[in-house]
Amino acid sequence: MKKHPRSLFIYASCFAALLLTACSEQSKKSYSPTAVAEANSLVPAELVAQASDSSVHWLTPNLLVMPKANQQVDYQLLNLAKADIAALDLLAVNLPDYLMKKFPHLADFKAYKVELLPSQAKAWLKQSLVVVGLAQSKQIQDVHFVQTGAVLDALYTKGENDANEETNLGTKITENGVSFKLWAPTAQKVKLLLFNDDLSPSSTASLTMLEDTKSGIWSVVGDSSLDGAYYQYQVTVYHPQSKQIETLITTDPYSLSLSVNSQYSQVVDLNDASTQPLNWQNQTVPKVANIEDNIFYETHIRDFSSDDNALSNNKFRGKYKAFSEQNSSGIRHLKALKKAGLNNIHLLPTYDLASINEDDSQSVDINDTLAQVKVKVCDIAPTSDICSTDFSYLNDFSEEQSLKSLLASFDASSAQAQKMVSELRQFDNFNWGYDPFHYTVPEGSYALSPKGKSRLVEFREMVQSIHRLGFRVIMDVVYNHTYQFGLKEKSVLDKIVPHYYHRLNIITGEVEQSTCYTCGNTATERVMMAKLMSDSLVTWARDYKIDGFRFDLMGHQTKSAMLAAREAVRAVDADTYFYGEGWNFGEVANNTRFVQASQLELGGSEIGTYSDRLRDAVRGGGNNTRDSQGLGNGLLMQPNERQTQNISAQKNNLQAYHLHMDQLRIGLTGNLSNFPLYFIEGKAILGKDIPYGDQPTGYALDPADTINYVSKHDNQTLWDNSQYRLAFDVSTADRVRMHLQSLSFVLYAQGIPFLHMGSEFMRSKSFLRDSYDYGDWFNRVDFTQHKNYYHVGLPPSDKDQENWPLINQVRKGHQGRDQVSAQDISFSANIFEEMIALRMSSPLFRLTTAEDIIAKVSFLNLSQHSVANHPLGLLVMKIDDTLGQRVDANVEGLLVIFNTSTKAQTFAYPQAKDYQLHPIQQNSVDGVLKQSKADEKGFTVPALSSVVFVKY
């Protein structure tokens, strides 16, 4: 028998007595909370202790689901308020189809009706909730906590003028003062704490905020004197981690400015001149005609200048300011790349990071003296080993010498450097930045002055300077996880609306961590998390003039949220471009919870995803291995000793070669799903028919869907990856040519090229697999083109110790042929510029539709054809502008030949005499490449060369 909701709140006196038997018979029949307590002698704390998991999901105000259970068990939803327990009988019902589709991972769960009015449901959500299963004997069978994210969305975001329609979350300065708004629907109280510029409490220490129960938004308006004030929120809320009501102090998730190390938010108006460099509003933002005209150059703010000795001020090393230099080594190189045709600077994360101390006096720099290092480290961690180290015993060093010089003194074949770097990494000023703290404030450690508005001005000055150089600015963003969650110091979102912003395990209720083993996955399937992402992106695009965004682990976000966010950004910046990692893994894999923003789902969206297909065909599959090779490091053409050890290996190499060649061809067409590569017995074999493991090679429906790359910040650099796999007898000169050819596959492909800063210098990280937190020593780039930092010590043990034997083996086997000279680096940098210029010389390399690519691009030697027409090591791509609508008024077509073999080859082609070597290559610094020719015999190209012929 069910009770009307208004009768559900059991008398406090009945609960307090616990032993009374006078509760109504009606209540006993419906298993009232008092009956539960009497039968089991339990109090709320004991019910909490008895809960086995968090497998109950409250989806709408009137429906929750849980795993299918014993039909003989009756269930109640209990509100464990302090004064009493309130209970609600749950009636089994069918789960509606629309909820099965919305929550596919819960489709097999059993549904139960919840008889609560919306206002009652909102009140219950501010308390601890459990579902109790009762046997007919009224004995408790099981207790489960309740996941409430979905019902919060249902209650607060489905109507008009709800939380998701609010346009002024955070702070807003108006004529009437400063408004503060915080969405915290499960909070019981919220206070605004106010602070002076020195972070002492303001004369008005706090203001009480009031809740709009319709939207769940707490707000207060202070007077105009709060412009520039620092503030925090004090939130009283039930937290699932502690299982009790907590009073928590946190910053604003919508912060626009912060104190040093981000402990306090600051009120600012981003339109105010005090937050902007001179002439900010009047700057010219470079444009690209088409999405496919983009070339992305991935930089890291610290890497760009940490090793630059030509800065006007050494304090600018690793800072925003380095991008405003006029004649530094890095800026000179960027100018050369711009002249060649590069048009986008991609910045690794530059929002507020959690892992670097923003106070330079408290973080270790590679140029610090050893005495300074000890002072900084020992002030933070006095028990650290380095505090007891007498550096005089390390190669006769004194403490007045620099950390950098100490690292340079170590034997490069030893583990000494990595040991020192590993010990110091938690104290140094380096991190890639995939550890978001506040999504919409520039990082302070890159600013000379990280406090408040200063960092905003410096960040904007950097953007303005990059624009002045002629580049668009891309920002790397990480909305798929937060650095911390729960009650930890640097948790923000999870202190305000606990267990809403993060994705939880469907049974245990633990925060999922598949995207970062120390971080917490966010849930952009939640309306207000998707709104936070969208609002943040709009701020970066509108107020910081960011021209595009690269999304970390984008496949962990919903496709719908990505499309909606792009539309929001397009409203303020029409030519923005979104791209990111569309990998399919973790708790959301295969659309388990929603349609993902993944490779296979984004085809046709013009949101780009990185293609691992072309990458693996060129680099070889896997990492840290000598057991496989790719087309760019000798597959079949220069097999290493492991590929020639037996007949079976050689046969496998031939099969791998033909498959990789086909994967590469599809990659060269922009990874198009429907590109017809072969016709066998009249049937087209399409890009999607070529296998890539258990997935199709071709998945794109538009060239803007594909980001082509062979190297980026993740995993080994291209150079290091090749040294793992190359045959020992390959000469240094040939290694350089193979490296450049690997990059040519990216630059001559349809789709959008993505280039790793320093790859033009054969950049090395000394085999380090994951350099995210391993300091300047392993992450340096030498823009003077003298060193590639290939052999500077074994990579850190916690990432690569198991690889040390192989590293030592290949280093010994290469016998110095893996070491490049300054002349090699300069040659490589010049050819890199030539390849960029060649790509930008004709729109035929940058076709904008799948239809044009299918019509104009073809391959003249295919493995399905006769061996006579398919010499091994040769890939011939034709781009014919006489087919379809003309896109280049200056040329009729291009023919690109990639020769991966160790000898010059001639490709027989009757019309070759109508072509000539491209003018850029006719004037190349590569004398070998100039030997290419087109005549009545066909095209002749040198070994290990990528040659472009043009027909006018």
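This is a predicted model, so every value here is computed, not measured.

(A) Layout of the pattern of salt bridges. All told, the structure shown has 43 salt bridges when counted by the stated rule. Across the pair Arg615 and Asp616 runs a salt bridge, and its minimum N-O distance is 2.8 Å. You'll find Arg615 and Asp616 in the same group, each marked buried. Asp818 is the partner of Arg811 in a salt bridge, and the nearest nitrogen-oxygen pair spans 2.8 Å. For the pair Arg811 and Asp818, one class covers both residues: buried. Among the charged side chains, a salt-bridge network with shared partners connects Asp476, Arg550, Asp552, Glu581, Lys712 and Asp714.

(B) How the structure looks around the confidence of the model for the protein chain. Confidence in the prediction for the protein chain averages 93 pLDDT; 94% of positions are at 70 or higher. Ignoring residues within four places in sequence, the model shows residues 1–35, a span with pLDDT below 50, making 67 contacts including any to other chains.

(C) How the structure looks around the sheet that holds strand S7 (residues 140–147). Sheet architecture is closed into a barrel: seven strands sit in the order S1-S2-S5-S4-S3-S6-S7, paired in mixed fashion. If you compare each strand with its neighbour and ignore which way they point, the axes differ by 35° on average. As defined by bridge partners, strand S2 (residues 63–66) adjoins strand S5 (residues 110–113) across four bridges and the pair is classed as antiparallel. Within S5, the residue paired with Met66 across the bridge is Lys110. Of the strands in this sheet, strand S1 (53–60) and S7 are in contact with helix H7 (residues 149–156), which crosses S1 at around 20°.

(D) Layout of the state of the cysteines. Within this structure, the stated rule accounts for two disulfides. The disulfide that involves Cys378 links it to Cys387, with 2.1 Å between the sulfurs. With the S-S dihedral at roughly -125°, the linkage between Cys378 and Cys387 falls on the left-handed side. Paired through a disulfide, Cys516 and Cys519 show a sulfur-sulfur distance of 2.2 Å. Given the relative accessible area of 17%, Cys516 is considered buried.

(E) Region of the structure containing the sheet that holds strand S37 (residues 916–917). The antiparallel open sheet is built from five strands, whose spatial order is S33-S34-S35-S40-S37. Each edge of the open sheet carries a strand with a single partner, namely strand S33 (857–859) and S37. Relative to strand S34 (residues 874–880), S33 runs antiparallel, the two sharing three bridges. Counterpart to Val857 in the pairing with S34 is Ile879.

Cut-offs used in this document
Residues numbered from 1 in each chain as written. Predicted model: local features only at pLDDT ≥ 70, side-chain atom pairs only at ≥ 80, totals over all residues. Heavy atoms only, no water. Salt bridge = Lys/Arg side-chain N within 4 Å of Asp/Glu carboxyl O. Buried < 20%, exposed > 50% of the residue type's maximum accessible area, 1.4 Å probe, protein only. pLDDT = per-residue confidence, 0-100. Contact = heavy atoms within 4.5 Å. Pairing = 2+ DSSP bridges. Helix = DSSP H or I, 4+ residues; strand = E, 2+ residues; numbered from the N terminus. Axes fitted to C-alpha atoms, helices over the stretch in contact; angles between N-to-C directions. Disulfide = S-S within 2.5 Å.

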